[in-house]
Amino acid sequence: MKTAISAIMIASTIALAGAAHAGPAAPVGAAATAIDSLYQLTTPLTDAAGQHFTLRDMAGAPLLVTMFYGNCHSACPIVIETLKRTVGALGANGKHLRVLLISLDPQRDNPKSLAMLAHMQQLDASQYRLAVAANDNDTRLLAAALNIRYRALDNGEINHTTRIVLLDHNGSVQADSTRLEVEPDPAFVKQIAAIVKR
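Residues numbered from 1 in each chain as written. Predicted model: local features only at pLDDT ≥ 70, side-chain atom pairs only at ≥ 80, totals over all residues. Heavy atoms only, no water.

Q: I tried to follow the overall build of the protein chain on my own but got confused; where do I start?
A: Broken down by element type, the protein chain carries six helices and nine strands. Expressed as a percentage of its 198 residues, the buried residues of the protein chain come to 47%. Pairs at least 24 residues apart make up 70% of the contacts formed inside the protein chain by residues separated by at least 6 positions. Entry remark: accessible area of the protein chain is about 9900 Å², with carbon and sulfur atoms responsible for 54%. (Helix = DSSP H or I, 4+ residues; strand = E, 2+ residues; numbered from the N terminus. Buried < 20%, exposed > 50% of the residue type's maximum accessible area, 1.4 Å probe, protein only. Contact = heavy atoms within 4.5 Å. Areas by Shrake-Rupley, 256 points an atom, 1.4 Å probe, with all protein chains shown as cover.)

Q: Looking at this model, I keep getting lost on the side chain of Arg 163. Mind explaining?
A: Tracing the chain through its elements places Arg 163 in the loop between strand S7 (158-160) and strand S8 (164-167). Here the side chain of Arg 163 touches Leu 146 through a polar contact of 2.5 Å, landing on its backbone oxygen. In this view, Arg 163 contacts Val 65, Thr 66, Leu 146, Asn 147, Ile 148, Asp 176, Ser 177 and Thr 178; residues no more than four positions away in its chain are not counted. (Polar contact = N/O pair within 3.5 Å; in protein donor to acceptor, adjacent residues only side chain to side chain.)

Q: Where do I start with the packing of aromatic side chains in this structure?
A: Note on aromatic pairs: each is described by the distance of the centres and the angle between the planes. A full pass over the atoms with the stated rule returns zero aromatic pairs. One Lys or Arg, Arg 129, reaches over the ring of Phe 53 and ends 3.6 Å from the middle of that ring. The cationic tip of Arg 140 hangs over the ring face of Tyr 150; the distance from NZ or CZ to the ring centre is 4.2 Å. (Phe/Tyr/Trp six-rings, centres within 6.5 Å; stacked < 30°, edge-to-face > 60°. Lys NZ or Arg CZ within 6 Å of the ring centre and 35° of its normal.)

Q: Explain the pattern of salt bridges here, please?
A: Side-chain pairing between opposite charges can occur once the charged atoms of the two side chains come close. In total, this model carries seven salt bridges according to the counting rule given. In this structure, Arg 129 and Asp 47 form a salt bridge, with 2.9 Å as the shortest nitrogen-oxygen distance. Of the two residues, Arg 129 sits in strand S5 (residues 128-133) while Asp 47 sits in strand S1 (residues 45-47), which places them 82 residues apart along the sequence. According to the relative accessible area criterion, Arg 129 is buried, its value standing at 19%. For Arg 163, the salt bridge is made with Asp 176, and the minimal N-O distance between the two is 3.1 Å. Pair noted here: Arg 163 is in the loop between S7 and S8 and Asp 176 is in strand S9 (residues 173-177), with a separation of 13 residues, a long-range link. The buried category is assigned to Arg 163, whose relative accessible area is 11%. Salt bridges sharing common partners tie together Glu 81, Lys 84, Arg 85 and Glu 183. (Salt bridge = Lys/Arg side-chain N within 4 Å of Asp/Glu carboxyl O.)

Q: Looking at this structure, how should I read the nonpolar core?
A: Note that soluble globular proteins tend to have their nonpolar side chains buried in a common cluster. One finds Leu 55, Leu 64, Leu 100 and Ile 102 to be the most contacted residues of the largest nonpolar core, which totals 54 residues. Of the residues forming this core, the biggest block, six residues, is contributed by helix H6 (residues 186-196). Those residues in contact with Leu 55 that sit more than four places away from it in its chain are Leu 38, Tyr 39, Leu 41, Leu 45, Leu 100, Ile 102 and Leu 142. (Core = buried A, V, L, I, M, F, W, Y, C linked by side-chain atoms within 4.5 Å.)

Q: Looking at this model, I keep getting lost on the pairing of S5. Mind explaining?
A: Burial analysis of S5 places six of its six residues in the buried class, which makes it a mostly covered element. Where burial is concerned, the two faces of S5 agree: the one with Tyr 128, Leu 130 and Val 132 and the one with Arg 129, Ala 131 and Ala 133 are both buried. Note that S1 and S5 share three bridges and pair antiparallel. Pairing of Asp 47 across the sheet is with Ala 131, part of S5. Looking at chain direction, strand S4 (residues 98-103) and S5 are connected through four bridges and run parallel. Paired with Leu 100 across the strands is Arg 129, a residue of S5. For the handedness criterion, the β-α-β arrangement of S4, helix H4 (residues 111-120) and S5 is classed as right-handed. (Pairing = 2+ DSSP bridges. Right-handed = clockwise from strand over helix to strand, strands pointing away.)

If you want it as structure tokens, here you go:
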């Protein structure tokens, strides 16, 4: 059921992207039957090293993906710590997992600021990748595909839902966690472990 819902969400997102960039899109219902991978999205991203990539470039290994922003001092640090502890809870198998954090704030986050944050959080660049889209429209497309809602406030803060999504090596959604606690969700860790061992 979760995969079917994800397929419809992804199809809708791609249809919206197509309408914005290339005229009329195919009917969502027709696309939903064939699309079940976030790697279908071609939204460009730039990481903390200044490298350009798309989600498809993350294919080949299980991936945890979420969204955050650099100036967040409440939920985002908890999410980052949760990610680190989740990877740690997998033991040696955790090294087979990759983690992608996408910024919700393309106006202020950039490769330099993301690199500083990664250093401050002691994130291993071989496993963790912090990235930002080029603009608000691209950011919203990614947020919609990940089922993350957010709203920028006048004071510079961003209200957003917290959701960590587990993708398999083909980019299909396998599980997710919306729990906002430092300690990892045991059920989610178990789901990740099952994917990593495949």
